[in-house]
Amino acid sequence: MDMNKAWNHFLTITRHRHAVIRNCARAGILWQGLRHDLSKYSPVEFCEGARFWQGDRSPNDKAREVNGHSQAWMHHMGRNRHHFEYWRDYSKVTHKMTPVEMPLRYVVEMFCDRVAASKVYMGDSYNDSKPLEYFERGRLRRGDDIHPNTSALIENMLRMLSTDGEAKTFAAIREIVKKDRYERKHQ
């Protein structure tokens, strides 16, 4: 293993994780932020990430180019509930894998993750419209793999960020999280 790439990969995922923790604290889900992406430090994810680290995009993309798949991504999405790919199950109606609506707290973590990733990978070219642009570019690739309610919710959060900025968006998300916690507690 190239130790320089391994160190740079460690710094990148740690910088990203710390940005997500800050975002999660602002969104009212600090505990989730503290647990965010711990699987990236596991051998299967870390070793592939270090091997294909480039600094300006996900090493999973490079792994796919070289190997036709990414072991790290398959491991990651199966363990991290803030990825919509985690939320699939067999439908009793169609008997096929079908997207399941994500609980709000994981959609909020997904929002925090997307904002942090955009900032880390884009650096100085980041602005509050970039996470929405990324989401919109992936619409065709996602297709029907994300539940429509989940897709609408994350898109609304990203759209609010794009038009109203971070302070207003995180304040609105905190209120939604508080309401959701109250409702879940009193069911």
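To be clear, the structure that these remarks concern was listed above.
Residues numbered from 1 in each chain as written. Predicted model: local features only at pLDDT ≥ 70, side-chain atom pairs only at ≥ 80, totals over all residues. Heavy atoms only, no water.

A. Representation of the layout of surface pockets within the structure. Taken as a whole, the largest pocket holds about 1300 Å³ of empty space. Lining the largest pocket are 42 residues; nearest its centre among them are Ser58, Asn60, Asp61, Trp73 and Tyr134. Secondary structure elements with two or more residues in the lining of the largest pocket: helix H1 (3–27), helix H3 (43–51), helix H4 (59–67), helix H5 (71–77), helix H6 (104–122), helix H7 (130–137) and helix H8 (139–142). If you tally residues by element for the lining of the largest pocket, the top one is H6, at 7 residues. For the lining of the largest pocket, the residue count by class is 12 nonpolar, 13 polar and 17 charged. (1 Å grid on protein atoms, 1.4 Å probe; cavity = no way out; pocket = protein on both sides within 12 Å on 5 of 7 lines; lining within 4 Å. Points joined across faces, edges and corners; volume = space filled by probe spheres on them. Helix = DSSP H or I, 4+ residues; strand = E, 2+ residues; numbered from the N terminus. Nonpolar A, V, L, I, M, F, W, Y, C, P; charged D, E, K, R; others polar.)

B. Structural detail: a nonpolar patch on the surface. There is a patch of nonpolar side chains on the surface, built from Trp7, Phe10 and Leu11 and spanning about 280 Å² of accessible area. Of note, Phe10 is situated in helix H1. For Phe10, a relative accessible area of 31% puts it in the partly exposed group. (Patch = residues over 30% accessible without salt bridge, like charges linked within 9 Å, V, L, I, M, F, W, Y side chains within 5 Å. Areas by Shrake-Rupley, 256 points an atom, 1.4 Å probe, with all protein chains shown as cover. Salt bridge = Lys/Arg side-chain N within 4 Å of Asp/Glu carboxyl O. Buried < 20%, exposed > 50% of the residue type's maximum accessible area, 1.4 Å probe, protein only.)

C. Local environment of the nonpolar core. Ranked by size, the top nonpolar core spans 28 residues in total, and within it Val108, Phe111 and Cys112 carry the most contacts. Where this core is concerned, the elements lending two or more residues are H1, H6, H7, helix H9 (148–164) and helix H10 (166–185). Excluding residues within four positions of it along the chain, Cys112 makes contact with Val20, Asn23, Cys24, Ala27 and Phe170. (Core = buried A, V, L, I, M, F, W, Y, C linked by side-chain atoms within 4.5 Å. Contact = heavy atoms within 4.5 Å.)

D. A look at H1. Compared with an ideal rise of 1.5 Å per residue, which puts 25 residues at 36 Å, H1 spans 36 Å between its outermost C-alpha atoms and is within 8% of the ideal. Sitting at the amino-terminal end of H1 is Asp2, which places a side-chain oxygen 2.9 Å from the backbone nitrogen of Asn4. (Expected span 1.5 Å × (residues − 1). Polar contact = N/O pair within 3.5 Å; in protein donor to acceptor, adjacent residues only side chain to side chain.)

E. Main features of unusual backbone geometry. At Asp37, a residue that is not glycine, the phi angle is positive and equals roughly 55°. For Asp37, a relative accessible area of 3% puts it in the buried group. Phi is positive for His95, close to 60°, though the residue is something other than glycine. When you line up the elements, His95 lands in the loop between strand S1 (88–90) and strand S2 (97–99). Under the relative-accessibility criterion, His95 is labelled exposed at 62%.

F. Geometry of the packing of H7 against H9. Axis separation between H7 and H9 bottoms out at 8 Å; the angle between their running directions is 145°. For the crossing formed where H7 meets H9, the hand is left-handed. Across the interface between the two elements, Pro131, Leu132, Phe135 and Glu136 from H7 touch Ser151, Ile154, Glu155, Leu158, Arg159, Leu161 and Ser162 from H9. In the contact of H7 with H9, the residues fall into 6 nonpolar, 2 polar and 3 charged. (Axes fitted to C-alpha atoms, helices over the stretch in contact; angles between N-to-C directions. Left-handed = near helix turned anticlockwise from the far one by under 90°.)

G. Region of interest: the environment of Met157. Counting through the fold element by element, Met157 comes out in helix H9. With sequence-adjacent residues up to four places away left out, Met157 is seen in contact with Leu104, Val107, Val108, Phe111, Thr169 and Ile173.

H. Spatial organisation of the packing of aromatic side chains. Within the structure shown, the criterion is met by 5 aromatic pairs. Summarising the aromatic geometry, the rings of Trp7 and Phe10 are spaced 5.6 Å apart at their centres and angled 25° between planes, so their arrangement reads as stacked. Taken together, the residues Trp7 and Phe10, both in helix H1 and 3 residues apart, mark about one turn of the helix. Judged by centre distance (5.2 Å) and plane angle (65°), the rings of Tyr86 and Trp87 are edge-to-face. When the ring centre of Phe135 is taken as origin, the NZ or CZ atom of Arg142, which lies over that ring, is 3.8 Å away. (Phe/Tyr/Trp six-rings, centres within 6.5 Å; stacked < 30°, edge-to-face > 60°. Lys NZ or Arg CZ within 6 Å of the ring centre and 35° of its normal.)

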